[in-house]
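Fold and geometry: a report
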Amino acid sequence: MTNFRISEAAALLGVSADTVRRWVDGGRLPAVRDEHGHRIVPGADLAAFVRAQAREPGESFSSARNRMRGIVTDVVLDTVMAKVEIQAGPFRIVSLMSREAAEELSLEVGVVAEAVVKSTTVVVERPDAG
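Residues numbered from 1 in each chain as written. Predicted model: local features only at pLDDT ≥ 70, side-chain atom pairs only at ≥ 80, totals over all residues. Heavy atoms only, no water.

The protein chain is annotated in an unreviewed UniProt entry as Helix-turn-helix domain-containing protein from Actinomadura harenae.

As structure tokens, this is what we get:
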């Protein structure tokens, strides 16, 4: 059976090793000790954990994996298009979208938004606009 070190499981899940350790310590993710005393996660248990996470109610799904949460720092509207700037940590992200989309998301300076990057496209979402 395939086993994963904590760091390998973290890389597969897209989280930090500390997050995986917290899940293990909290009993959410099973792990065992190898012959050297290091914690490892059995592959079957990791797969079951991932499947269970995907089924949590209220979650929306997207094939985009690169999500950056930040604050809207600028919105420029014209008759058809909008330019939206988001500061996500050290990153300045600029998205061009329809004016209608920006208005539907109620994007304005100071609101929290997520930039979802897939390939060369940036999709902007409001996590609280359910």
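Here the narrative resumes.
Thoughts on helix α2 (residues 17-25)
For α2, the full list of buried residues reads Thr-19, Val-20, Trp-23 and Val-24. Seen end-on, α2 carries its buried residues on one side only, within an arc spanning 140 degrees. Seen from the open side of α2, the exposed residues pointing more than 90 degrees away from its buried face are Arg-22 and Asp-25. Phi for Gly-27, located one or two positions after α2, is positive at around 85 degrees. (Buried < 20%, exposed > 50% of the residue type's maximum accessible area, 1.4 Å probe, protein only. Helix = DSSP H or I, 4+ residues; strand = E, 2+ residues; numbered from the N terminus. Arc of directions from axis to C-beta.)

Quick look at the nonpolar core
In this structure, Val-72, Val-84, Ile-86, Met-97, Leu-107, Ala-113 and Val-124 are the most contacted members of the largest nonpolar core, which totals 14 residues. Listed by contribution, the elements that provide at least two residues to this core are β5 (81-88), β6 (91-98) and β7 (112-118). Per-element accounting of this core gives the leading share, four residues, to β5. Setting aside anything within four residues of it in sequence, one finds Val-72 in contact with Val-84, Glu-85, Ile-86, Leu-107, Glu-108, Val-109, Gly-110, Val-111 and Ala-113. With eleven residues, the next largest nonpolar core counts Ala-9, Trp-23, Val-24 and Val-41 among its residues. (Core = buried A, V, L, I, M, F, W, Y, C linked by side-chain atoms within 4.5 Å. Contact = heavy atoms within 4.5 Å.)

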